[in-house]
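Spelled out from the first residue to the last, the chains are:
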Amino acid sequence: MQHKLITSRTQCYYCKGVLTDENRTKDHIWPKSKGGKLSRDNKVYACRRCNKSKGNSTLEEWLEQLKVLEKKLRKIKSMGE
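All values reported here derive from a predicted model rather than from experimental measurement. (Residues numbered from 1 in each chain as written. Predicted model: local features only at pLDDT ≥ 70, side-chain atom pairs only at ≥ 80, totals over all residues. Heavy atoms only, no water.)

1. Things to note about the confidence of the model for the chain
When the pLDDT values of the chain are averaged, the result is 89; 91% of them are 70 or greater. Element-level mean pLDDT values for the chain span from 91 in helix α2 (residues 59-79) up to 97 in helix α1 (residues 48-54). (pLDDT = per-residue confidence, 0-100. Helix = DSSP H or I, 4+ residues; strand = E, 2+ residues; numbered from the N terminus.)

2. Digging into a nonpolar patch on the surface
A contiguous nonpolar patch, built from L63, L66, L69, L73 and I76 and spanning about 460 Å² of accessible area, is present on the exposed surface. With respect to the element layout, I76 can be found in helix α2. I76 sits in the exposed class, given a relative accessible area of 56%. (Patch = residues over 30% accessible without salt bridge, like charges linked within 9 Å, V, L, I, M, F, W, Y side chains within 5 Å. Areas by Shrake-Rupley, 256 points an atom, 1.4 Å probe, with all protein chains shown as cover. Salt bridge = Lys/Arg side-chain N within 4 Å of Asp/Glu carboxyl O. Buried < 20%, exposed > 50% of the residue type's maximum accessible area, 1.4 Å probe, protein only.)

3. Describing the packing of aromatic side chains
As enumerated under the stated definition, the model contains two aromatic pairs in all. Judged by centre distance (5.3 Å) and plane angle (80°), the ring pair of Y13 and Y14 falls under edge-to-face. Seen from their ring centres, Y14 and W62 are 5.1 Å apart, and the 70° between their planes marks the pair as edge-to-face. Taken as a pair, Y14 in the segment before β1 (24-28) and W62 in helix α2 lie far apart in primary sequence, 48 residues in all. Given a relative accessible area of 15%, Y14 falls into the buried group. Feature note: the residues Y13, Y14 and W62 constitute an aromatic cluster, connected by ring pairs. Residue placement shows K16 over the ring face of Y13; its charged tip is 5.2 Å from the ring centre. (Phe/Tyr/Trp six-rings, centres within 6.5 Å; stacked < 30°, edge-to-face > 60°. Lys NZ or Arg CZ within 6 Å of the ring centre and 35° of its normal.)

What follows is the structure, given as structure tokens:
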């Protein structure tokens, strides 16, 4: 899959939130720390929040982490009902 910074400079690739000059970052889908290339095919525009949350995880690792977190939050919520 080629990303080539095809995402809008005004929309986060991950959460689809609005990007501004203050919160716009470029993210490596496959982190450089894990052998990701510096090419445009490996970069997308992301908001600071998503970029920080993803850290040096691959996209697949990050999505799995979010699923685990979502399950934990649902469990906590159901305990309060």
